[in-house]
Structure formats: C-alpha cells, structure tokens
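Coordinate analysis (summary)
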Amino acid sequence: MNQDSKVKTTESSPPAPPKARKLLPVLDPSGDHYYWWLNTMVFPVMYNLIIIVCRACFPDLQHSYLVAWLVLDYTSDLLYLLDIVVRFHTGFLDQGILVVDKGRISSRYVRTWSFFLDLASLMPTDLAFLSLGPHTPTVRLNRFLRAPRLFEAFDRTETRTAYPNAFRITKLMLYIFVVIHWNSCLYFALSRYLGFGRDAWVYPDPAQPGFERLRRQYLYSFYFSTLILTTVGDTPLPAREEEYLFMVGDFLLAVMGFATIMGSMSSVIYNMNTADAAFYPDHALVKKYMKQQHVNRRLERRVIDWYQHLQINKKMTNEVAILQHLPERLRAEVAVSVHLSTLSRVQIFQNCEASLLEELVLKLQPQTYSPGEYVCRKGDIGREMYIIREGQLAVVADDGVTQYAVLGAGLYFGEISIINIKGNMSGNRRTANIKSLGYSDLFCLSKEDLREVLSEYPKAQVVMEEKGREILLKMNKLDVNAEAAEIALQEATESRLRGLDHQLDDLQTKFARLLAELESSALKIAYRIERLEWQTREWPMPEEMAEADDEGEPGEGTSQGGKGRTGQEGLPDPE
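In this text the structure is predicted, and so the values were computed from the model without any measurement.

Moving on, we come to the overall build of the protein. Each helix and strand in the protein was counted, giving 22 helices and ten strands. For the protein, buried positions account for 32% of its 575 residues. Here the analysis covers contacts within the protein between residues at least 6 apart in sequence; of these, 71% occur between residues at least 24 apart. If you sum the accessible surface of the protein, you get close to 37,400 Å²; carbon and sulfur atoms cover 60% of it.

Let's shift gears to the sheet that holds strand β5 (residues 384-390). The strand order across the open sheet built from four strands is β3-β10-β5-β8, with neighbouring strands paired in antiparallel fashion. Looking at which strands have only one partner, the edges of the open sheet turn out to be β3 (365-369) and β8 (412-413). Pairing of β5 with strand β10 (residues 440-446), which is carried by six bridges, proceeds in the antiparallel orientation. Within the sheet, the bridge partner assigned to Tyr386 lies in β10 and is Cys444. With respect to the sheet, helix α18 (residues 447-454) is in contact with β5 and β10, its orientation differing from that of β10 by roughly 50°.

With that out of the way, let us pick up the nonpolar core. Among the nonpolar cores identified, the biggest contains 38 residues, and Met46, Phe58, Leu150, Cys185, Tyr187, Trp201 and Phe246 are the most heavily contacted of them. For this core, the elements supplying multiple residues, two or more each, are α3 (32-57), α5 (66-87), α9 (147-160), α10 (164-194), α11 (214-229) and α12 (241-279). When residues in this core are grouped by element, the largest group, 14 residues, is from α3. Each of domain 1 (23-160) and domain 2 (165-279) contributes no fewer than three residues to this core. Residues contacting Leu150, with those up to four places away along its chain left out, are Val42, Val45, Met46 and Leu49. Counting 27 residues, the second-largest nonpolar core is a separate cluster that includes Cys352, Leu364, Tyr412 and Tyr457.

Another aspect to go through is the packing of aromatic side chains. Counted under the stated rule, the structure contains 27 aromatic pairs. Taken together, Phe58, Phe177, Phe188, Phe196, Tyr203, Phe211, Tyr218, Tyr220 and Phe222 form an aromatic cluster joined through their ring pairs. Between Arg140 and the ring centre of Tyr74, over which it is positioned, the NZ or CZ distance is 5.9 Å. We note Arg377 situated over the ring of Tyr374; from NZ or CZ to the ring centre the distance is 3.7 Å.

What follows covers the environment of Ile388. Structurally, the position occupied by Ile388 is in strand β5. Not counting residues within four places of it along the chain, the set of residues in contact with Ile388 comprises Leu393, Leu407, Gly408, Ala409, Gly410, Leu411, Phe413, Asp441 and Leu442.

The next subject is the pairing of β5. Sheet analysis places β5 next to β8, joined by two bridges and oriented antiparallel. Opposite Tyr386, over in β8, you have Phe413 as the bridge partner.

This brings us to unusual backbone geometry. Of note, the phi angle at His294 is positive, near 60°, even though the residue is not glycine. Turning to its location among the elements, His294 is positioned in the loop between α13 (283-292) and α14 (297-312).

Inspection of the secondary structure assignment puts Pro238 in the loop between α11 and α12. Sequence separation between Pro238 and Asp199 is 39 residues; the distance between their C-alpha atoms is 8.4 Å. Beyond its immediate chain neighbours, meaning those up to four positions away, Pro238 contacts Trp201, Glu243, Tyr244 and Met247.

Here is what the cut-offs are and how they apply
- Residues numbered from 1 in each chain as written.
- Predicted model: local features only at pLDDT ≥ 70, side-chain atom pairs only at ≥ 80, totals over all residues.
- Heavy atoms only, no water.
- Helix = DSSP H or I, 4+ residues; strand = E, 2+ residues; numbered from the N terminus.
- Buried < 20%, exposed > 50% of the residue type's maximum accessible area, 1.4 Å probe, protein only.
- Contact = heavy atoms within 4.5 Å.
- Areas by Shrake-Rupley, 256 points an atom, 1.4 Å probe, with all protein chains shown as cover.
- Pairing = 2+ DSSP bridges.
- Axes fitted to C-alpha atoms, helices over the stretch in contact; angles between N-to-C directions.
- Core = buried A, V, L, I, M, F, W, Y, C linked by side-chain atoms within 4.5 Å.
- Domains from an automatic or database assignment.
- Phe/Tyr/Trp six-rings, centres within 6.5 Å; stacked < 30°, edge-to-face > 60°.
- Lys NZ or Arg CZ within 6 Å of the ring centre and 35° of its normal.

Structural data, given as structure tokens:
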C-alpha cells in the first residue's frame, strides 16, 4: 500500500519547469525584446564614444567629476557584460527556422568575430589605474570596439520607424556631431601640447579672462573645428608643422564628409521622390501630354485638380503595384485588413466564404472621381460594380440636375450587372445616371475578375445568383417567364450535350475496338511473314540451282557408275 501511494504521488505531481528557460529565454533576433535591448545598448556605446575622448583631452573635465565618471564607466561595463549574456541567448535562423538550442547558439557565437570584439571591449584595462592613476581615461579606449551594436540598432530602427528618411537625416547629423566633437577634442589636446597662446592658431592662453572656464574651452574648440570641417574659412593661418598637418588632415576629412553628406542627402531625396512616384501617379507626364495635344484649359484644370486632390489627401490609386513585391498570402492579409470591412457591407457578398472574400479583396481597384464627374450613365454596358468608400454620389435624371437619391459611404451599385442572372429585364445595361457630388473614393470590381474568382467557388456562385434574383424580384425587374424559358433552354442544351457525350463515348469505344483489331491483324500478318521468311531460307538459291543443272548429267553417270562400282564392290568376288 505504501509503495502504491508513493507511485501515485509521483505520478500526480507535475514536472518542475526548467528555471533557466524562465530566467533567460531565447530571444528572437527579429522580435521586440531584442530590438529594445539594442536600443538600450545605444546609451553606453554613445557614452564611451563621446565622453572618453572628451575626458582624455580636457583634463579639467576629468578632475572635476571623477566620481560620476567612475560610476558611469562601470555601469556601461555592466551593460556590456549583460550584452554578452544576451548574445548567448539570442537565437538564429537555420533554414528559416529559429534555433532555440542554447548549445548551438553558444557554439555559433563563440566562432564569430563579434565574440572576440565583445571580449576585447571588456578587457580589464582599468587595472592600469593602479600605476597610471585614475585620471587616465585613455586606457578605456577599447570600449569603442562595441560600436557595431550601435550600427545594428540604427539599422533595426530604420526598418521599423514610420519615417525612415527623417531617421536617416537624424543619424547623419549625429555622425557629423561626433566627428566635429572628436576633432575639437584633438584640437584642444594639440593646442595644449604646442602651448596655449603661442600663436593665433592654437587655443588662447587660459590666463586671459574668460578662457579658463571649461565650457568656454569646449565651445571655442567645437567652433574652430566646425569652421575647418565645413571649409567656411576665417580661421587663423597655421604657423608650425603640426598645425599644418592637422589642417591638411581636417581638409581631407572635410572633403570626404562633404561627399558623404551630399550622397546621403541625394539618397534621401531620391527615396522620397521614388516613394511619391510609387504612391501617386506622375502628373508631370500628363501635363506635358495635354500641352502638346493642346487640351482646353478647363479640362486641363480638372486634371490638375484631380492630381492635387490625391497628393493633398494622401490617396492612392495603385495599391496593387505598391504591394506587388509581397508574398501572395501576405499581400492578401494586408488587403483584407484594409478593405474587407468595406466589401462585407455589400449585400450580395454577405455570408460568402471567407476565402472567396479574400480573393475578391485582391481584385478591388480604388478609383477617385472629381466633382460633377459621371461614374456611369443610363444605357451603358455594365462591366463592373462600385462600392462607395468615401464621398457622396447622386442618382440624377438625364438632365444631370434633378436628383432622385444620394448615395453615401458604405453603399454600392452596379452589382446586378456583373452577375448573369436569367430573366434580368435590364440585361447588363445601366439603369440610372450616377454622378459624383464632390471628390468620391470608390472601389471597382470588374465582371472578369468576379468571374475568374467564382470559377473556383461554384457553390458561392449559386448563392450569389440566388441573392441577385431576390433583389431583382423586389425591384420587379425579373421576368419569371423569361427565366423559366432560359432554364428550359439551358436544360435542353445540357440534355443535348449529355447525348453528344454518350455518342462520343460510343464512338470512342468503337474506334478503340477497331484499333485493337487492326493491331491484332497487323501482328498476325507480321508473324506469317516472319514464318515464310524462315521457310524460304531453306530453299536453294537460283545460282546454286544453275550450277547443279550444268553438272547434272556427268554427275549422274559418275554417280551411277560409282553406285555400280560401289554396288559391285559391295558384292562378293566371283572368284
């Protein structure tokens, strides 16, 4: 009994969850947690890139805030150490699947250059303080080796932000600030090495009033470096070789920086223009075409207003081209999230399969109509239906003034004309004039696209035809007799087709039999021919027969004589 109770207790107790996985889960490199950790690492990396150089070149800054610098230094070192731990718990993709095995993650990380750079950035170079003293921050320059994490964070942010071009400009300005900051620190260090106030190029003597303050020293150096790197000029001429070398290096750096800035700004402007061209149609080509064709001013003004309305209100008419590079399934999900609510309002599409609606959403074409523009006129052939997304349209008389009704957002029209319903009295012709009162945004669904989608969903096609028939009955536009006649004609046609199918099957069967008999006869004939060939091979050839005829008589006498002799030889001797 005790053993049974022990077994039951063991079986009922749940297995203990692994604590290591709870405390240190594997991070997805494309996930949010990893992204926010990268953003956290921006601060210690930027601190080391900016402050260490400044403290090394401005001794007063190092001496005045030593305790604060030590606290910040070792806080950044702690974050560096935690970053290595995070690296050991960051998964990677293997054949498209995230690897969460910590053993594989660790073995892969330690074989990369990043691991050696991370270790080098955490080498305890601060031990040099024991011999050099705590006022030598240059021993911490190895912390610069963690700069790749800064660049990785910037790349991730650029792909995630909604304003990538603005972020690129901000990042460029930050790089320019860091370069000018380093140059200003080097300028002040060089001035201290050459001697403050020795000539007009170096930093003035701190003994002068105002130049002894730390803020003044940094701002003056930063201003001087800005003048050099921007090649503005108005700087004192160098007097010594070191000063000439510093100026030459700065000029080369300025040329490279100017080229980098121009290239980056050109890239940003090009990307912005490309994005605008992808989102909105190019009106410059249309304007040039209208001028060359001498289009009247009124129509040209309407076209320009239409383009202006699209750009001001950020409306797109080429969504398909924008999303064309996405995978088909992902493109469908994006389109569904944007337009499915609009399509589901249409009565004829209600209660349809979700997959059918997803297919139809990809076929929707956005269109924008200007004030006073006709969407369709009475008597036009209906090749598409429309769903009102935004704006107001009026059902007007033939005079274009009298309004019968006003259609608003969420309504639709023209859905009956794109479905071939038997007995439809109006056929596929438009029965009303639809005019846009202001700027109206519509979704257009063509008959060809609907037919292509419904060919794969026959049940949905039957349901939609039934709904369309009900709508026509309510509108008294369904001819029941004509519908019955069409149904009877369709059944008769189908019956004839079935008869033709049976006849075709019979003909195919007979043809197969004839073909089989022909093949059998051919095999028999081939067998008989082969048999005759073997028989004729035993017959003597004509040449052999002619030789036999020429030698026939002597041969026969000899043969007979021989036979006689043979016979005589065979007889017993008369003696």
